[in-house]
Structures are given as structure tokens and as C-alpha cells.
Amino acid sequence: MTRRKFALLSGAAVVGAYGSIKLQKVEKPPKLADGPSGQSSVAIIRARSYSDDLVSRMLEGIRQCGLDVRGKRVLLKPNLVEFDPATVINTNASVIAAAVEVFERLGASEVKIGEGPGHRRDTLDMADDARYRATIPNFERIFTDLNRDDVSPVKGFGGEQEFYFPNTVLGADLIVSLAKMKTHHWAGATLSMKNFFGVVPGSVYGWPKNKLHYYGIPESIVALNRQFGRKAFAIVDGVVGMEGNGPIQGIPKPVGVLVMGSDLVAVDSTCCRIMGIDPEKVSYLRMAAGLGHVHPGRIEQRGETIASVETSFALIDDFKDLRLV
Amino acid sequence: MGGLYLESRLEFLRASQNQDGGWSYFPGKGSWLEPTTYAMLALHGTGSLDTEAALDRAWKLVRSWQLPDGSFRPSGEVKDGTWVTAHAVTLASVRGVDDASVRASVDWLLRVVGAEHNIWTRTGSFLHLIKARLDVSHQGWPWREGNATWIEPTAHTLVALKKVASRYRTAEVQRRVRDGEDLVLSRRCTDGGWNYGTPNMLYFDLPSYPETTALALLGLDGRSDHEYAGALDLAERFRAETKSSLGKAWLQIALRCQGRNVAAPDGPRQSNDIMLASLEALGHPEGNYKLFCAGGRS
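So, here's what we can say about the structure.

So, how was this worked out
- Residue numbers here run from 1 along each chain, matching the order of that chain's written sequence.
- Throughout, the order in which chains and ligands are written sets their labels, letters from A for the former and numbers from 1 for the latter.
- Side-chain atom pairs in this predicted model are given and counted only at pLDDT of 80 or more, local residue features only at pLDDT of at least 70, and totals for whole chains, interfaces and linings cover all residues.
- Side-chain measures here rest on the full set of heavy atoms in the structure, leaving out hydrogens and waters.
- Any two residues whose heavy atoms approach within 4.5 Å at even a single point are treated as in contact.
- Buried area is calculated as the accessible area (1.4 Å probe) missing from two parts once they are joined, with the contributions of both summed.
- Salt bridges are defined as contacts in which a side-chain nitrogen from Lys or Arg sits within 4 Å of a carboxyl oxygen from Asp or Glu.
- Identification of polar contacts relies on pairs of N or O atoms within 3.5 Å, with a donor-acceptor requirement for protein atoms, meaning one able to donate a hydrogen and the other able to accept it, and with residues adjacent in sequence counted only if both atoms are side-chain atoms.
- Helix numbers and strand numbers start at the N terminus; a helix is a DSSP run of H or I with at least 4 residues, a strand a run of E with at least 2.
- Nonpolar cores are built from buried Ala, Val, Leu, Ile, Met, Phe, Trp, Tyr and Cys residues. Side-chain atoms within 4.5 Å join them into one set.
- In this scheme, a residue with accessible area under 20% of its type's maximum is buried, one over 50% is exposed, and one in between is partly exposed, where area comes from a 1.4 Å probe on protein chains only.
- Pairing between strands requires that DSSP locate at least two bridges from one strand to the other.
- Only centres within 6.5 Å qualify two rings of Phe, Tyr or Trp (six-membered ring in Trp) as a pair; their planes then separate them into stacked at under 30 degrees, edge-to-face at over 60, and tilted for everything else.
- Disulfides are defined as pairs of cysteine sulfur atoms found within 2.5 Å of each other.
- Every axis corresponds to a line fitted to the C-alpha atoms, with the helix fit spanning only the stretch in contact, and the corresponding angles, defined between N-to-C directions, vary from 0 to 180 degrees.
- Any angle from 65 to 115 degrees is called roughly perpendicular, while one under 35 is roughly parallel, one over 145 is roughly antiparallel, and all others are oblique.
- Helix crossings fall into two classes, left-handed where the near helix is turned counterclockwise from the far one by less than a right angle and right-handed where it is turned clockwise.
- Positive charges come from Lys and Arg alone, negative charges from Asp and Glu alone, with His and the N- and C-terminal ends not counted.

Quick look at the interface of chain A and chain B now. Across the contact, 43 residues belong to chain A and 53 residues belong to chain B. Of the roughly 4300 Å² buried between chain A and chain B, counting both surfaces, carbon and sulfur atoms make up 56%. Here chain A is connected to chain B by seven salt bridges. Residues Glu162 of chain A and Lys79 of chain B are paired through a salt bridge, measuring 3.4 Å at the closest nitrogen-oxygen approach. Here chain A is connected to chain B by 22 residue pairs in polar contact (both at pLDDT 80 or more). For the side of chain A that touches chain B, the secondary-structure elements that each account for two or more residues are helix H1 (3-9), helix H2 (12-18), helix H5 (123-129), strand E5 (151-155), strand E6 (162-166), helix H9 (202-205) and helix H10 (210-215) of chain A.

As C-alpha cells, then:
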């Protein structure tokens, strides 16, 4: 019996829940699924530090991607997980503050921020630690703790008859995944698509959202993006990313970029290439290949080239074989 | 009594009760069982007839969320029963209710086991295929049936079951309580406290947190503290140092239950978080923290 088969038989969820058994090494299917027709635009914009003019950088990236937000109710979904002053776990507060200004300037009818951290329950205190309240104007007025929002059922998500999502998420016209560029000890990398784990309400599914581990982490990432990807846009904070044992215990890795696009599969694939990871070996991106583009030939790279910003991220032993060669 | 700290929070709770009798996580939202439980416990026995009538309405709403299998839904919108069943049992016990429907909930709690306690995972652990210091021989409780054990639902279930242990299925309740406590003890982090789930992941030790350390101590209340030496001192240190309001509130409750003489908190209410206000009220020396205690010290 292979280790993977053992893990599946023993209930993969337990494994995911505790991060205990190695099951990430997936058999590589012979061929990636074709994405949608045409190409996807992904903008790589230089931002060497958080004190740069991030508003102008974001406006430039959004213009290059052709996103129109006029009249839309926009929900910004940062990655707020945990706070440790020694590293860079969360989407930087300056990036979120800039995004609020950008989407207001572009004519959104409403700009809100929402997040449901995976395991910590004191969301607002973490937001304080991460300087969200201090940096983002009117933070408390526009922020919703998605773990404790009211919910409504959605039919057919992840094979469930009904799955519950926060009303703030369901009511948004555009969800902007303001993710952090990080390695991840289960998924290989955590970028704009994995960031959607935070829309699953803890009040229904617990802390962490253990149900997703049982469904499978890559499977859940894909299902969430199938559910919300059509009304999503990504801005990945790669000004300073995290390498090594991410998403919490890794170490800071300056890259100096913001990566943006409407095709989140293409955005994450581009981020992987910047990080020195082969996206075709990342199981969730392989599975998501039908939702968007993984192949570089189908991604129209705008702004900087990948080669000009490529910054090899350290990978834990379990993911050495993801290295882009 | 209680001064501004306690009264401002209780007044906020009285004013934020929803029309249906329950409490939401934040004012203006729908009712959920978790904040309703904490608000009810905080307001329990606080005096006026109006408050008693309000609590009766809340209890009626909570009971309407029970499912035929004995479990409780976390809100009127959600159809499945979850860990909040433990809260309903605690509430019933506090209100002196001991009937067939409460016993059905206890039966449900006794039946539910964290999913890691299965033959495959135990075999994997025995064969060292599991790369964590994880003792899967004990039975804890998950957030939802069929999922893995976590510290918080386990702690709340231990609190609930200790309240009914002398009245119903005593031997089985005591066995699950003892084993659940053993599970909590087995999940201690190297720093002496508790993380949300397990003390390490892959090859890396995980840190403990104020709120989960407090909850673990609540779950262990009544057990000899020799078995978790140092944890109370760590909890005291967390209480002094943490910026987490939620962590501080749970620590106030847990440390008082554990017999520590903790200084009374002060200051006005800082947020409109109903659950936090309830827990802060409960953790005040003149608050109802004893409703969480296992007995003996309280």
C-alpha cells in the first residue's frame, strides 16, 4: 500500500486537519486540462517597499488588466491569519489601504473588507496587531469578520446539498483576493486562490474550517474558486513574501512586486513562476487548469517580465520536487 | 455591584437582544446559539423580572434549534447540528432543566468522537507514519460530527458533561470526561500551554495561545493541577501580556475557575462584539464565571 493510499483510507481529512501525514505528492496526470478560450492578462507591477506609491501601482495594474468596477459592490479579502512580529504572515496593511482607495476612486458603489481567519478567533485583535485598524481609514466600519457573519446556503458546493457562506461574500459583485505570496506546508504555495478559505464561516464549520480538510485542500481550493472565481480579481502582495515553512512559520522574502489579474489560476501560476515553483506540479493548480490558464503560452504577461523579478523561494523538503527547472 | 466594567457590559447585552430572543455576534445581525449562550450565562441571575423574561425567551429560541438526533443547530439558518450542542447542555444544566430532550443531547455528545480516533489513524500512529506528536488513542470532540478533534469544542463538551455527570449515564459520562481530559493533556505544547489543535505540525512545534490555553484549563477544571504543572503560571503570564481581548476574557474565567485570585479587570467596553462583552462580564469577579467551573473550587 502506498503512503497516499494509506492516507486516503485513513480519512484524508484527519491528515489535513493535523498536518500529520505526507500526502501532497500527487501522481501527475498526463496532460493539463485546457483553460477557457483565449488568453488571460496578468500584470506584474514593481513595488519595492510598502512606502512606495501603492495606489498608483495598483491603478496601473488594474488598467493593464482591463478591470471595470464602476457601480460594483467590492469586497476586499485580505489574508489575515496570525500575527508574529518576526515574520510577514498577513497581507500588509498598506496594500489593503491602497486597495480601498483604488476601488473607491475607480467608482465602486461600495468597498468593504472581509476576512475569516482559519484558526484564530480574535479577528479584530489580530487586525490591530497587523496594524489594519491603525492604517486603514474607517476600518471597523467597513470590516466584517466573515467567521461570524450571518450566512445563507448555497446549493451543490463541494458535493454538499447545502453549504453556508457569509452574506457579505454572497452579496458582493466583485471579490478582490488580496493575498500574500507565501509557501504553504500543505498546498505548496498559498496565493490568491487558497485565500478563499477565509470566506468559509467558522461559526458553521469551526476553526479551522475542518470540513475543507476532509474534502481535500486542493479540491476545496478549486471548489471555492469555481464558486467565486467568476466574480473575482486578484492582487497578490509580493512586496515581501514568505518562504520556507509557510504560511505561518516561514521567513520573509522580499520580491518587490504586486501581481494582478482576473484569472486567478493565471495569477497564481505566474506567482509560482516568480517564486521558482513549477505551477504544473502544484496539485491545486493542476486541478484548476480547466478554470483558468496555467500554461505560460496562454498568459499574457504585462508590466514586468517574470525573469526580471524571479526570486527563488526556499521550499520545505516535502516540496523540493516542485522546484521549477 | 461590579462597577462600570460589569454593568456596562450587562447593559449592552440587555439592549442588544434580538426580537426572536437570541443574541447575534454583532448588533443588528441574526441570532446564533454561541453568543446567545454566553449572553444568557452572563445575565443569569442578575436580578430583574425583565431580565428573567428575556432569558426565558432566549431559552425558548435555543430549544427550537434542537434536531431529532439531540444535537443543536448553531443558528436558525443552518440545518446541521454542531459543537454548540455542548452549550445547550450547559445552559440546560444552569437553568435546572433535565428532561428527555436534554438527555438526547447528552447521548449525542457521548456518541460523537473526533475522526482521528479511527483504526487507520491509530495504526498509522503505531507504525510511525504520522509525523506529529499526536496521541490518537484518546477521544475528544470535533466542531462538527465526522471531523477531527480540536481543543475548543472538546473543552466546551467537558464543561457540559461535568454538569450532567451525576444525573445521567454517569459511568459513560465519567469515562468520556476522563478520556477527553487525557486528550487535552496529551495536546500540550512544549511551551506549556495549548494550541487550537495539536502541539506540532510536520516537524515543527506550534506555539500555544492565550484563548486556547484558557479553554483547555476550563476543560481540565476539577482535575488535579499537578497533571498540568506550570500551565496556570503560563496562563497568568498570558493574561498579563496578551493584547487579545478574547484571550484575556477566557483567561479571566479559566483562572478564576482554577482558583487563582485574578485582579478585577476595569475599563469601559471597547467594541460592539456581543460574544466578547458576554465573556468579559462572565470573567469579572462578580460575574457568573462559576457557571463554567466544574465545581469544588467554586
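Before going further, it helps to spend a moment on the nonpolar core. Nonpolar side chains in soluble globular proteins tend to be buried together. In terms of nonpolar packing, the biggest core is built from 157 residues, with Met181 and Leu224 of chain A together with Leu13, Trp250 and Phe292 of chain B touching the most fellow members. Ranked by size, the runner-up nonpolar core spans 44 residues in total, among them Leu54, Met58, Cys65 and Ala93 of chain A.

On to the pairing of strand E10 (residues 251-261) of chain A. Residues and elements named next belong to chain A. Of all 11 residues in E10, eight are buried, a share of seventy percent or more. For strand E1 (residues 40-46) and E10, the ladder comprises five bridges, and the chain directions are antiparallel. Paired with Ile44 across the bridge in E10 is Val259. Pairing of strand E9 (residues 232-243) with E10, which is carried by nine bridges, proceeds in the antiparallel orientation. Bridge pairing in E10 places Val236 opposite Val259.

With that settled, consider the packing of aromatic side chains. Residues and elements named next belong to chain A. Counted under the stated rule, the structure contains 15 aromatic pairs over all chains. Seen from their ring centres, Phe163 and Tyr205 are 4.3 Å apart, and the 10° between their planes marks the pair as stacked. Here the residue Phe163 occupies a position in strand E6, and Tyr205 occupies one in helix H9, the gap between them amounting to 42 residues. Judged by its relative accessible area of 2%, Phe163 is buried. In this structure Tyr205 comes out as buried when scored by relative accessible area, which is 1%.

Residue and element names in this part refer to chain B. Counted residue by residue, helix H9 (residues 210-220) has 11 buried out of 11 residues, so it is predominantly covered. Residues of H9 that are buried make contact with helix H7 (151-164), helix H8 (170-186), helix H10 (231-241) and helix H11 (245-257). One or two positions beyond H9, positive phi appears at Gly222, with a value near 100°.

What follows concerns the state of the cysteines. As enumerated under the stated definition, the model contains one disulfide over all chains in all. Put simply, Cys257 of chain B and Cys293 of chain B are joined by a disulfide, and their sulfur atoms are 2.2 Å apart. Measuring handedness by torsion sign, the sulfur bridge of Cys257 of chain B and Cys293 of chain B sits at about -85° and is left-handed. Linking Cys257 of chain B in helix H11 with Cys293 of chain B in the segment after helix H12 (274-283), this pair joins segments that are 36 residues apart in sequence. On the basis of relative accessibility, which here comes to 7%, the residue Cys293 of chain B falls in the buried class. For the unlinked cysteine Cys271 of chain A, the closest cysteine sulfur is that of Cys272 of chain A, found at 7.2 Å.

Time to look at the environment of Arg169 of chain B. Residue and element names in this part refer to chain B. Tracing the sequence through the fold places Arg169 in the loop between H7 and H8. For Arg169, a relative accessible area of 30% puts it in the partly exposed group. If near-sequence neighbours (up to four positions away) are discounted, Arg169 is found in contact with Asp107 and Leu110. For Arg169, the side chain forms a polar contact with the side chain of Asp107, separated by 2.6 Å.

Quick look at the side chain of Gln252 of chain B now. Residue and element names in this part refer to chain B. Along the chain, the position of Gln252 falls in helix H11. The class for Gln252 is buried, based on a relative accessible area of 8%. In this structure, Gln252 is in contact with Arg239, Val262, Ala263, Pro265 and Gly283, ignoring residues within four places of it in sequence.

This part covers the pattern of salt bridges. Per the counting criterion, the structure on display carries 42 salt bridges over all chains. In this structure, Arg46 of chain A engages Glu304 of chain A in a salt bridge whose closest nitrogen and oxygen atoms are separated by 3.9 Å. Of this pair, Arg46 of chain A sits in strand E1 while Glu304 of chain A sits in the loop between strand E11 (299-303) and helix H14 (306-309); the two residues are 258 residues apart in sequence, bridging distant segments of the chain. Arg46 of chain A sits in the partly exposed class, given a relative accessible area of 22%. Among the residues examined, Glu304 of chain A registers a relative accessible area of 27% and is labelled partly exposed. Note that Arg167 of chain B and Asp98 of chain B form a salt bridge whose closest N and O atoms lie 3.5 Å from each other.

So, about the packing of helix H1 (residues 3-15) of chain B against H12 of chain B. Residues and elements named next belong to chain B. Axis separation between H1 and H12 bottoms out at 9 Å; the angle between their running directions is 140°. Between H1 and H12, the interaxial angle falls into the category oblique. The element H1 and its partner H12 pack so that their crossing is left-handed. On the side of H1, the interface is formed by Tyr5, Leu6, Arg9, Leu10, Phe12 and Leu13, while H12 contributes Ile274, Ala277, Ser278, Glu280 and Ala281.

Residue and element names in this part refer to chain A. Cis geometry marks the peptide bond from Trp207 to Pro208; its omega dihedral reads 0°. Here the bond from Gly246 into Pro247 is cis, since omega is 15°, no more than 30 degrees from zero. Tracing the chain through its elements places Pro247 in the loop between E9 and E10. Phi angles above zero are rare outside glycine, and Arg131 is one such case at about 65°. Within the secondary structure layout, Arg131 lies in the loop between H5 and helix H6 (132-135).

Another point: the side chain of Lys182 of chain A. All names here are of chain A. Relative to the assigned elements, Lys182 resides in strand E7 (residues 174-184). For the buried Lys182, no salt bridge is present, and the opposite-charge side chain at shortest range is Glu115, 8.3 Å distant. From its side chain, Lys182 meets the backbone oxygen of Ile89 in a polar contact 2.8 Å long. In this view, Lys182 contacts Asn79, Val81, Val88, Ile89, Ala189, Thr190, Leu191, Met242, Pro247 and Met275; residues no more than four positions away in its chain are not counted.

Any functional reading would require information that these geometric values do not contain.
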